[in-house]
Amino acid sequence: MTSRTGFFVLSGVLLVVALLCVGEGVQLIATGKPLGIGIGICAFVIPVIGVWFLRQTVRFGRASEQLAHELEAEGGLPVDELKRTTGGRIDRASADAVFARRQVEAEAAPGDWRVWFRLAVAYADAGDTPRARKTMQHAIKLHSTEPARSNA
């Protein structure tokens with residue numbers, strides 16, 4: 001199963017659970033008892049948090065995909081130059097070497113979203129997903145504040 005398929009399956013499950021929570025919340029509030037009303041209100045909050053998280057994840061995915069398409073059109077996508085083990089896993093030393101280069105590039109051009117995008121990919125290749133996500137968010141922010149280019 002691809003990560004995109006997994007995402008859609010989990011998103012569907014989240015939405016079904018959200019609907020079940022709302023239904024249970026309505027039934028609890030309908031009891032008229034203070035404890036039931038309190039728990040019923042809480043049952044409305046849980047789906048809101050889940051749907052908000054899902055929305056943020058979708059926005060992040062779309063924005064990073066847009067950056068990837070734009071970088072591909074410019075011919076600036078990072079090339080996979082990582083060495084792999086016989087099992088197909090990325091060699092740690094190779095990932096660290098590429099990461100070090102990408103980090104130097106990002107420090108040299110801190111306002112360029114392209115180098116931050118490539119650094120995020122290097123973080124992901126090195127297995128540091130939280131920093132990869134944070135770095136990609138920084139690239140998205142830089143891209144959104146970059147003045148529009150004219151095609152003249």
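Everything numeric in this text was worked out from a predicted model, so none of it was measured.

Definitions and limits used
- Residues numbered from 1 in each chain as written.
- Predicted model: local features only at pLDDT ≥ 70, side-chain atom pairs only at ≥ 80, totals over all residues.
- Heavy atoms only, no water.
- Patch = residues over 30% accessible without salt bridge, like charges linked within 9 Å, V, L, I, M, F, W, Y side chains within 5 Å.
- Areas by Shrake-Rupley, 256 points an atom, 1.4 Å probe, with all protein chains shown as cover.
- Salt bridge = Lys/Arg side-chain N within 4 Å of Asp/Glu carboxyl O.
- Helix = DSSP H or I, 4+ residues; strand = E, 2+ residues; numbered from the N terminus.
- Buried < 20%, exposed > 50% of the residue type's maximum accessible area, 1.4 Å probe, protein only.
- pLDDT = per-residue confidence, 0-100.
- Core = buried A, V, L, I, M, F, W, Y, C linked by side-chain atoms within 4.5 Å.
- Contact = heavy atoms within 4.5 Å.
- Phe/Tyr/Trp six-rings, centres within 6.5 Å; stacked < 30°, edge-to-face > 60°.
- Lys NZ or Arg CZ within 6 Å of the ring centre and 35° of its normal.

S.K.: Help me understand a nonpolar patch on the surface in this model?
M.R.: A grouping of Ile37, Ile41, Val45 and Ile49 is seen on the molecular surface, where their side chains present a nonpolar patch of about 330 Å² in accessible area. When you line up the elements, Ile37 lands in helix H2 (residues 34-74). Assessed through its relative accessible area of 31%, Ile37 is described here as partly exposed.

S.K.: In this structure, what is going on with the confidence of the model for the protein? I would like to understand it.
M.R.: Detail in the predicted coordinates should be disregarded across regions flagged by low pLDDT. Overall, the prediction assigns the protein a mean pLDDT of 89, with 96% of residues at 70 or greater. Here helix H3 (residues 92-108) stands out as the least confident element of the protein, with mean pLDDT 89; helix H5 (residues 129-145) is the most confident, with 94.

S.K.: Could you clarify how one ought to interpret the nonpolar core in this entry?
M.R.: Where a protein is soluble and globular, its nonpolar side chains tend to be buried together. Among the nonpolar cores identified, the biggest contains 19 residues, and Trp113, Trp116, Phe117, Met136 and Ala139 are the most heavily contacted of them. Looking at this core element by element, the count peaks at eight residues for helix H4 (residues 113-125). If sequence neighbours within four positions are ignored, Met136 has contacts with Phe60, Ser64, Phe117 and Ala120.

S.K.: Can you walk me through the packing of aromatic side chains in this structure?
M.R.: Within a pair of aromatic rings, the relevant descriptors are the distance that separates the centres and the angle that separates the planes. A complete count under the given rule lists two aromatic pairs for this structure. Seen from their ring centres, Phe7 and Phe8 are 5.6 Å apart, and the 65° between their planes marks the pair as edge-to-face. Judged by relative accessible area, which is 53%, Phe8 ranks as exposed. With a centroid separation of 4.7 Å and an interplanar angle of 55°, the aromatic rings of Phe99 and Tyr123 are classed as tilted. With Phe99 in helix H3 and Tyr123 in helix H4, this pair connects stretches of sequence that are 24 residues apart. One exposure class covers both Phe99 and Tyr123, and it is buried. The ring of Phe60 has Arg133 lying over it, and the distance from NZ or CZ to the ring centre is 4.0 Å.

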